[in-house]
Structure formats: structure tokens, C-alpha cells
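Observations on the three-dimensional arrangement
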Amino acid sequence: RVHLRVSTRNATLDDTVVVLKVVDAIRMEGIVPVGQPLFLLIADAQQLSFYAPQEGRLLSGAASAENLFRLFGIALTPMILQYVLLGDVPLATLPSTGAFTYRRRENLYMWQGQVSSQPQSYRIWFEPYDFHPVRFEMEDASGQPVLQVWYEEFQRTNGFMMPSRI
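The following refers to the structure shown. Quick caveat: nothing in here was measured; it's all calculated off a predicted structure.

Moving on, we come to the nonpolar core. Residues I26, L41, F72, L81, I124, F136 and V149 are the most contacted members of the largest nonpolar core, which totals 30 residues. Looking at this core, the elements that each hand over two or more residues are β4 (25–30), β5 (39–44), β6 (47–52), α1 (65–72), α2 (78–85), β10 (121–126), β11 (133–139) and β12 (145–150). It is α2 that contributes the most residues to this core, four residues altogether. Here V149 is in contact with V84, V134, R135, F136 and I166, once residues within four sequence places are set aside.

Have a look at this one:
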């Protein structure tokens, strides 16, 4: 179950099948109980294609955050969305500097930092036993939230711990 909160609105990906070809491509299909799927989205690092069979509409373009935002209200590139759906931190480069502290009240570790080439700041919360990320936040240069992700209910899948709720 995936629930995404972006600065402009909430979005859910309930009733969506996601197939990931790690790290090369992502395929998302909106399912319904009977009939054709609501949509089919296929993207790799360069190209994004969106097909709505009930409308007979095919859109294609760059695999950009702007195009994914137009379709789903999610301002992430398809490849960054793939990291989120895998239960990983959606950063190609981890912050190199920053504070790593234990938050006793929450019983979590928190890493706060910034990637030197980007104006955003990041906070990543880890559970203290296996260091799985349980929360991720990104803020723009003015301190406004850009992205918040919560990872919950981890289960072992093919040898990997994966969140069943995001």
C-alpha cells in the first residue's frame, strides 16, 4: 500500500501493480476488478510512456519529475519513485556531512544533512535494530517540505526487508 504526500496534494497508489526492473525501468498498472487497466505507465531513466486504454490516450515524453507530476501529482522522477517503492531512500547521492543522532523519545536514529551539489536538506530516520529507513524528509532551501516518506510494516521478501506500507 502506497500513500504519497506532496506539497500540492495527497495521492494514493492503492489498486496499482508496480513492476520494477531494478534500476533500469519501472512499470505501473492501475488495476480494476474487471476489464482493462485504468492506466499503464512505463519509464526508464530517459523516456516515460503513459497509456490510458479506456480513453485511448497515449502520452510519451521525458522521464522527468514535471511529467510524472502532471500525471499523478508526484514531483519525482520515475527512477527516484522506484527507490521509494523499493523501501529505499530516494537519493542517488547520500548527504556527505550532517548530524547523526539518537532520538530517545522516538527510539530512532536520525541523519540530517545536505548533498553539496543541491540546495535541499534531508532528514532520514532509521530504526535502531537493523537500520531500516522508516522516514525520509526533504526540504527546499527555504525550509518548506518537498517530500515526506514513511516506511512501515517491514516484511522479508526474497531475502530483503521490504516495507508493506509506504
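A word on α2. Among the eight residues of α2, six are classified as buried, and the element is accordingly described as predominantly covered. Burial in α2 covers these residues: P78, M79, L81, Q82, V84 and L85. Note on α2: the residue one or two positions beyond its end, G87, has a positive phi of about 80 degrees.

Right, let's talk about the pattern of salt bridges for a bit. Considering all chains together, one arrives at eight salt bridges under this definition. Close ionic contact of R57 with E55 constitutes a salt bridge, the shortest N to O distance being 3.2 Å. On the basis of relative accessible area, E55 is assigned to the exposed category, the value being 57%. Measuring nitrogen to oxygen at the nearest pair gives 2.7 Å for the salt bridge that ties R123 to E139. Linking R123 in strand β10 with E139 in strand β11, this pair joins segments that are 16 residues apart in sequence. Accessibility classification places R123 together with E139 in one group, the buried group. Via salt bridges that share partners, R123, R135, E137 and E139 belong to a single interconnected network.

Our focus in this paragraph is the pairing of β10. The buried count for β10 comes to five of six residues, which makes it a mostly enclosed element. Bridging between strand β9 (residues 108–114) and β10 involves six bridges; their strand directions are antiparallel. Within β10, the residue paired with M110 across the bridge is W125. Between β9 and β10, which follow one another and run antiparallel, lie six residues.

The rules behind the values
- Residues numbered from 1 in each chain as written.
- Predicted model: local features only at pLDDT ≥ 70, side-chain atom pairs only at ≥ 80, totals over all residues.
- Heavy atoms only, no water.
- Core = buried A, V, L, I, M, F, W, Y, C linked by side-chain atoms within 4.5 Å.
- Buried < 20%, exposed > 50% of the residue type's maximum accessible area, 1.4 Å probe, protein only.
- Helix = DSSP H or I, 4+ residues; strand = E, 2+ residues; numbered from the N terminus.
- Contact = heavy atoms within 4.5 Å.
- Salt bridge = Lys/Arg side-chain N within 4 Å of Asp/Glu carboxyl O.
- Pairing = 2+ DSSP bridges.

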